[in-house]
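Topology and contacts: notes
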Amino acid sequence: MVKKPELKTWKDIAVGGFVESGTAEYFHTGGWRSKVPVWQKQNCIQCLTCWAFCPDNSIKVVDGAKGKERAGFDYDFCKGCGICAEECPQNNKITKELKTKDASLKITPSTGSGKPGFDEKAAILFVGLKEAKDKYNIK
Amino acid sequence: MEKTIAARTGNEAMAEAMRQINPDVCAAYPITPATEIMQIFAGFVNDGKVKTNLITVESEHSAMSACVGSAASGARTMTATSSQGLAYMHEILFIAAGIRLPIVLAEVNRNISAPINIHCDHSDTMAERDSGWIQLFSENPQEAYDAMIMAPRIAEHKDVSLPIMVTTDGFIISHGMERIELYPDAEVQKFVGEYKAPYNVLDVDHPITVGSIVLQDYTFEFKKAQHEAMKNAKRVILEVGREFAKTFGKEYGLIEAYKCDDADYITISLGSTAGTTKTAVEELRAEGIKAGLIKIRSFRPFPAEEIAAILSKAKAVAVLDRSESMSNQAGPVATEVKNGLYDAGMKVPLASYIYGLGGREIFIEDIKDVYKELKNIADGKSKPEQAKYIGLKV
């Protein structure tokens, strides 16, 4: 038997179904992800562009020696949109370099993962679920 | 209380009630024959007779959307529309009802295209019968004025918290001038009272989210709560009607039963035609035919039990629908009445009629013919027909 979760009855829900603020914290939307961003700390220039662009506040930031510093991803809420990888200046730089070497190369900062020369220098990779799990141990 | 006797059209009467109520916000877009309501009201705003924030928008979809935002922000909110305008509000009407905002809408019943026709029938309002709005019909400008004064009290009641549309019949009531009794501003304002918002999204000390996504886990409960609110609306319409009678001297219920106590033949209609029918009833009674009328005032919530109780002694019944639902069976009012009779375990001979589409005139003689047909049905001389068109060119 599957145990039914304890839910409110129709008499208990607020009029019009309004909800108190802050409940998004309890609703882990990371499960919606079909692609996964992977942060490569060694290549990160700490510009915090990804933090500014993330639509879901999923870039963790900590206090560092020189002020705010980017930490990992909050995978409870990251829906895998790839905006962080697309906007990352380091990713853009490496993409431009690779395209200069080979004009026929069709990549963008968020689709370069796995292409020769990209993964070594990119700050944010954007990979499939299986690769994330097997190679980077991200569930 | 000193009442003012005046001559007012339906639109003037509704605008007058809105002036007296002095809502916080109105958002509206003009459409015939409801345009005049907001036109007159805009004059009140311009002249400083009300403190209302009047938002002129670019469509009815936007008008109702602005009303939703306004009402959710703790402001008493009203609008007016008709026909295609109401249809254009369609999706937002469901949202207003679902998130339980007590918006008041002055609706002037008009044909829905096609064909393009600006005149009265009930097809616009009937098309929104499942939207979750309370729907009150008026027989004349006085009833429209009175209903507008009661509307905020019904809609804002804590056991209801639903939007309400008060309707008049396009041109017949909206532009027809009649004798009307107006009440003093102070008495109306005292009766209506302060706005009681169900919640307020602008209350920064208690931030909330309204209109969020609700999936399989709670949509069912959400709808059940709405269903119960509409049930409560029946009780509250009666309570407010009784209180209105104490203050202003005229009581309103869910229906008006006119000469039904001993009636053999009863017709059911709503809106202005009920007034015409009363004259037909008088004339028939002078001829010795025991005719009666049920005027439905509240179509949503639908007073099924109340109607069935009155029909229990009738020999034959006719329902007059001023709209088509293309069900091949009967118009929307007849369908609802039949539902109620089935649940009451009753099988009364019932004929259903379609009349007055696009403003086609209905005369006292037409209605008397309906009663005479009911007599034939009761006498076994003919069988009740369904969705029979009255006054059709054949």
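Residues numbered from 1 in each chain as written. Chains lettered and ligands numbered in written order. Predicted model: local features only at pLDDT ≥ 70, side-chain atom pairs only at ≥ 80, totals over all residues. Heavy atoms only, no water.

Residues and elements named next belong to chain B. Scanning all chains against the criterion turns up two cavities of 30 Å³ or more. Size it by volume and the largest cavity reaches roughly 70 Å³. Tallied by class, residues from the lining of the largest cavity come to ten nonpolar, one polar and one charged. There is about 30 Å³ of room inside the second largest cavity. If you go around the second largest cavity, the residues you meet are Tyr29, Pro30, Ile31, Ala34, Thr35, Met38, Ala80 and Thr81. Among the secondary structure elements, those contributing two or more residues to the lining of the second largest cavity are α2 (35-46) and β4 (77-82). (1 Å grid on protein atoms, 1.4 Å probe; cavity = no way out; pocket = protein on both sides within 12 Å on 5 of 7 lines; lining within 4 Å. Points joined across faces, edges and corners; volume = space filled by probe spheres on them. Nonpolar A, V, L, I, M, F, W, Y, C, P; charged D, E, K, R; others polar. Helix = DSSP H or I, 4+ residues; strand = E, 2+ residues; numbered from the N terminus.)

Computed from the structure, the largest pocket encloses a volume of approximately 820 Å³. Lining the largest pocket are 21 residues, and of these Val19(A), Thr23(A), Ser212(B), Ile213(B) and Tyr218(B) sit closest to its centre. When its volume is computed, the second largest pocket comes out at roughly 610 Å³. Together, 22 residues line the second largest pocket, and His227(B), Met230(B), Lys231(B), Pro301(B) and Phe302(B) are the ones closest to its centre. In terms of residue count, helix α9 (residues 219-248) of chain B provides more of the lining of the second largest pocket than any other element does, six residues in total. For the lining of the second largest pocket, the residue count by class is eight nonpolar, six polar and eight charged. Lining the lining of the second largest pocket are residues from two domains, each supplying at least three of them: domain 1 (4-248) and domain 2 (255-389) of chain B. (Domains from an automatic or database assignment.)

Turning our attention to the environment of Arg360(B). All names here are of chain B. On the secondary structure map, Arg360 appears in the loop between β15 (350-354) and α13 (364-378). The spatial distance from the C-alpha of Arg360 to the C-alpha of Gly391 is 8.3 Å, given a sequence separation of 31 residues. In this structure Arg360 touches Arg322, Gly391 and Lys393, once residues within four positions along its chain are discounted. Here the side chain of Arg360 touches Gly391 through a polar contact of 3.0 Å, landing on its backbone oxygen. (Contact = heavy atoms within 4.5 Å. Polar contact = N/O pair within 3.5 Å; in protein donor to acceptor, adjacent residues only side chain to side chain.)

Let's shift gears to the interface of chain B and chain A. With 18 residues of chain B at the interface, the matching set in chain A holds twelve residues. Around 1300 Å² of area is buried between chain B and chain A when both sides are counted, 72% of it from carbon and sulfur atoms. At the junction of chain B and chain A, the tally comes to zero salt bridges. Taken together, the links from chain B to chain A amount to three residue pairs in polar contact (both at pLDDT 80 or more). Element by element, the count of residues in the side of chain B that touches chain A is highest for α9(B), at five residues. When its residues are assigned to classes, the side of chain B that touches chain A shows nine nonpolar, four polar and five charged. Pairing of strand β1 (residues 19-20) of chain A with strand β9 (residues 208-209) of chain B, which is carried by two bridges, proceeds in the antiparallel orientation. Bridge assignment links Glu20(A) to a residue of β9(B), and that residue is Ile208(B). (Buried area = accessible area lost by both parts, 1.4 Å probe. Salt bridge = Lys/Arg side-chain N within 4 Å of Asp/Glu carboxyl O. Pairing = 2+ DSSP bridges.)

It is worth spelling out the sheet that holds strand β11 (residues 265-269) of chain B at this point. Residues and elements named next belong to chain B. Taken together, six strands build an open sheet; the order of strands is β10-β12-β11-β14-β15-β16 and the sheet is mixed. In this open sheet, the two strands that pair with only one neighbour each are β10 (255-258) and β16 (388-389). Sheet analysis places β10 next to strand β12 (residues 291-296), joined by four bridges and oriented antiparallel. Each bridged residue has a counterpart across the sheet, and for Ile255 the counterpart in β12 is Ile296.

This part covers the state of the cysteines. All names here are of chain B. A full pass over the atoms with the stated rule returns zero disulfides over all chains. Cys26 takes part in no disulfide bond, and the closest cysteine sulfur to it belongs to Cys67, at a distance of 7.4 Å. You can call Cys26 buried: its relative accessible area is 0%. (Disulfide = S-S within 2.5 Å. Buried < 20%, exposed > 50% of the residue type's maximum accessible area, 1.4 Å probe, protein only.)

What follows is about the domain arrangement of chain B. Residues and elements named next belong to chain B. Here chain B is partitioned into domain 1 (4-248) and domain 2 (255-389). Spacing between the C-alpha centres of domain 1 and domain 2 amounts to 28 Å. At the junction of the two partners, domain 1 supplies 27 residues and domain 2 supplies 29 residues. Note on domain 1 versus domain 2: buried area summed over both sides is about 2100 Å², and carbon and sulfur give 56% of it.

Tallied over the full model, the rule gives 13 aromatic pairs over all chains. Here Phe244(B) and Tyr252(B) contribute two aromatic rings whose centre-to-centre distance is 5.9 Å and whose plane-to-plane angle is 65°, an arrangement assigned as edge-to-face. For the pair shown, Phe244(B) and Tyr252(B) are each scored as buried. An angle of 80° between the planes, with centres 5.5 Å apart, marks the rings of Phe299(B) and Phe302(B) as edge-to-face. Taken as a pair, Phe299(B) and Phe302(B) share a single burial class, namely buried. One aromatic cluster is present, built from ring pairs that chain together Tyr145(B), Tyr183(B), Phe191(B), Phe244(B), Phe248(B) and Tyr252(B). Positioned above the aromatic ring of Phe73(A), the side-chain terminus of Arg70(A) is 4.5 Å from the ring centre. Across from the ring centre of Phe191(B), 4.8 Å away, lies the NZ or CZ of Arg153(B), which sits over that ring. (Phe/Tyr/Trp six-rings, centres within 6.5 Å; stacked < 30°, edge-to-face > 60°. Lys NZ or Arg CZ within 6 Å of the ring centre and 35° of its normal.)

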